[in-house]
Amino acid sequence: DVCSSDLPDSPSLHVEDLHSDNAPAVVLIHDFRLDRRVWSDVAKRLPPQVRCVIPDLRGYGHSPAPDGQWSMRDVVYDLANTLFSLNIRDAVVVGSGTGGMIAQALAAEVPQTVRALVLIGTGAKLETEDRWLHRAQVLSGLPDTARARQLLDAATYRAPDPHLCEIAASTRPDTLRRMCEAVAHTDLRRSTDALRLPTLGLVGRNDRITPPDLMREMIDGIPGASLELLPRCGHITAYDAPEATADAINGFLDRTGHLLPDFDSKDPS
């Protein structure tokens, strides 16, 4: 297992840390389009007996944006260092979109932080390198309102409300460019196929960005993993269907026994 001392120094991420410090943890990772606030309607529907940790990834929300080029490994190590600093191990890690790629990479690179995965509207390899690099260039050159429109185009089943548009508009252009470049150079197909841990795939039936067939191809490669489709729902399930998204996560927590007390821990309460 990787220890915190094995990881390179990286900035501490801003997190919302909800409920009891001693409870089993659920970590919610946002997509590259938005920040931690997209999870608010899902988080309040999770059981009070879980510790719900919602980070802003590097450069998003209140988290710092390091200079230079970013790799997916940099983004993953930020998250791992933050989880170690919060004394979190064996979490159920939920990732949406590119957040799902980060969750897959975290499970492969720092496995003691992840007990189980919920992967939402994602894949082990998303589109081509050229498309991501083109996206990085286009998005970083747009004014706030046009950038928000571009980020949310085709991503939701229902029309984006002002709050979602504000979150998208607040995403920093340099952050988008660096994150898109990191995703462009990321291919997790081999490491994800090697995962052996409980995994739930979730995808909106109307997702036009990562359609159900794409999700099924990835989920079928993980032994024992299952896939659930959410009706009347697009790519951003936390916005289109927060109740159904939370219900699916809660059902998975029950099936994996994540809420059962750990009598081997130092604090079994």
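Residues numbered from 1 in each chain as written. Predicted model: local features only at pLDDT ≥ 70, side-chain atom pairs only at ≥ 80, totals over all residues. Heavy atoms only, no water.

1. Brief notes about the pairing of strand 6 (residues 199-204)
- Strand 6 sits mainly inside the fold: 6 of its 6 residues count as buried.
- Burial along strand 6 is two-sided: the residues Thr-199, Gly-201 and Val-203 and Leu-200, Leu-202 and Gly-204 are all buried.
- Where strand 5 (residues 114-120) and strand 6 come together, 4 bridges link them in parallel fashion. Looking at the pairing, Val-118 lines up with Leu-200 of strand 6.
- In this sheet, strand 7 (residues 226-230) lies alongside strand 6 in parallel orientation, the contact comprising 5 bridges. Note that in strand 7 the partner of Gly-201 across the bridge is Leu-227.
- With helix 9 (residues 212-219) bridging strand 6 and the parallel strand 7, this β-α-β connection has right-handed handedness. (Buried < 20%, exposed > 50% of the residue type's maximum accessible area, 1.4 Å probe, protein only. Helix = DSSP H or I, 4+ residues; strand = E, 2+ residues; numbered from the N terminus. Pairing = 2+ DSSP bridges. Right-handed = clockwise from strand over helix to strand, strands pointing away.)

2. A short note on the pattern of salt bridges
- Taken as a whole and assessed by the stated rule, the structure comprises 16 salt bridges.
- Put simply, Glu-16 and Arg-36 hold a salt bridge, and the shortest N to O gap is 3.3 Å. Of this pair, Glu-16 sits in strand 1 (residues 15-18) while Arg-36 sits in the loop between strand 2 (25-29) and helix 1 (40-43); the two residues are 20 residues apart in sequence, bridging distant segments of the chain.
- In this structure Glu-16 comes out as partly exposed when scored by relative accessible area, which is 29%.
- Across the pair Arg-33 and Asp-31 runs a salt bridge, and its minimum N-O distance is 2.5 Å. (Salt bridge = Lys/Arg side-chain N within 4 Å of Asp/Glu carboxyl O.)

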